[in-house]
Amino acid sequence: MAVQQFNPAPRPTAHPMANPGYGKRLAPSQRPRRADDFAHLPRREAAVADYVDRQSEGADISVKTLAKHLPGYGQCAVATILNGLSAAGHYRRVRQCVTSASGTNIWVWRSYWSRTPRDDAWWADFAAGELGTSTIPAALARTAGYDVLARLGRIEARLTLSASECAALEAAAGAWFERGASEGQLLSALTAGLPAHVSHPYGFVRARLLSKLPPEPPAPRMVMECTDCGAPGEPASLPGGLCRTCTGTDGPAPLSASAGVHDRVGRLRSALRAGAGD
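In this text the structure is predicted, and so the values were computed from the model without any measurement.

**Describing the overall build of the protein**
For step 1, the next point in the chain: On a plain count of helices and strands, the protein comes out with ten helices and four strands.
For step 2, the next point in the chain: Seen in sequence order, the protein has helices and strands lined up from the N terminus as β-α-α-α-β-β-α-α-α-α-α-β-α-α.
For step 3, the next point in the chain: Contacts in the protein between residues at least 24 apart in sequence constitute 65% of all its contacts with a sequence separation of at least 6.
For step 4, the next point in the chain: Here the protein displays about 15,300 Å² of accessible surface, and carbon together with sulfur accounts for 56% of that area.

**Quick look at the packing of aromatic side chains**
For step 1, the next point in the chain: Evaluated as defined, the whole model comprises five aromatic pairs.
For step 2, the next point in the chain: Aromatic side chains Tyr112 and Phe126 sit 4.8 Å apart centroid to centroid with 70° between the ring planes, which places their arrangement in the edge-to-face category. One end of the pair, Tyr112, is in strand 3 (residues 105–113); the other, Phe126, is in helix 4 (residues 120–127), with 14 residues separating them in the sequence. Across this residue pair, the class does not change: Tyr112 and Phe126 are buried.
For step 3, the next point in the chain: Geometrically, the ring pair formed by Trp122 and Trp123 is edge-to-face, given 5.1 Å between the ring centres and 85° between the ring planes.
For step 4, the next point in the chain: You can call Trp122 buried: its relative accessible area is 16%.
For step 5, the next point in the chain: Positioned above the aromatic ring of Trp122 is the side chain of Arg118, whose terminal nitrogen or guanidinium carbon lies 4.4 Å from the ring centre.

**Details of the environment of Arg93**
For step 1, the next point in the chain: Tracing the sequence through the fold places Arg93 in strand 2 (residues 91–99).
For step 2, the next point in the chain: The class of Arg93 is buried, set by a relative accessible area of 0%.
For step 3, the next point in the chain: Considered as a pair, Arg93 and Gly241 are 148 residues apart in the sequence and their alpha carbons are 7.7 Å apart.

Criteria and thresholds
- Residues numbered from 1 in each chain as written.
- Predicted model: local features only at pLDDT ≥ 70, side-chain atom pairs only at ≥ 80, totals over all residues.
- Heavy atoms only, no water.
- Helix = DSSP H or I, 4+ residues; strand = E, 2+ residues; numbered from the N terminus.
- Contact = heavy atoms within 4.5 Å.
- Areas by Shrake-Rupley, 256 points an atom, 1.4 Å probe, with all protein chains shown as cover.
- Phe/Tyr/Trp six-rings, centres within 6.5 Å; stacked < 30°, edge-to-face > 60°.
- Buried < 20%, exposed > 50% of the residue type's maximum accessible area, 1.4 Å probe, protein only.
- Lys NZ or Arg CZ within 6 Å of the ring centre and 35° of its normal.

Note that all results are geometric; they support no functional claim without further evidence.
Here it is as structure tokens:
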């Protein structure tokens, strides 16, 4: 008797990553994952939220890709669900200015995800750069500064310092690390182009620490945008991450000056988002 052949069920494909620099980004201060993280959401939104939450940083969470990898959800359904997740405080879209590998500043679209629901005030602070800073604490920066100064004489004998001199310059050297400089950058600034003889190493090092101190890093430049249409706006004009036009409510218009501009921005953003892979 012939044996009936069965085709195995297709194995689910791994969720794709977005182009480098795009895709899912975790908002700061996430709580550990819990079984009831999304119990406050409607069933469909909770299911999509759980799926997005389990994807790694940089995953492509664009509407098109999510619809492709979530059986039973079309693109319109996914777009509606993302709007709901935005209103619930889990999701925001921003345009952020970053420095490219060539050193030029470019604006990119990024999707920020928060397992913990956040209110509009929290997202406004985040967009203003007041949350999630990664600066080195001053105490650690000072200690790192002392360590570099203490080793400086072994790297360049002309700049040998005593223990008391290292302690006196510790804060000045630590300021470099507080501003994001690396140890290599600090050493290069102190040792490059030395004269043949340094009469007073302490005064020389102190002068370079102060005169060559790098500028404070600029605050993160973010422009929040409507989750639905992509029109840019101030956080106050995007309650729940949605502009007044998309919610159909009265209030301040988004940064786009008119409905016509609003529509063009949305269409342009959609086209670029599709090309970039989110």
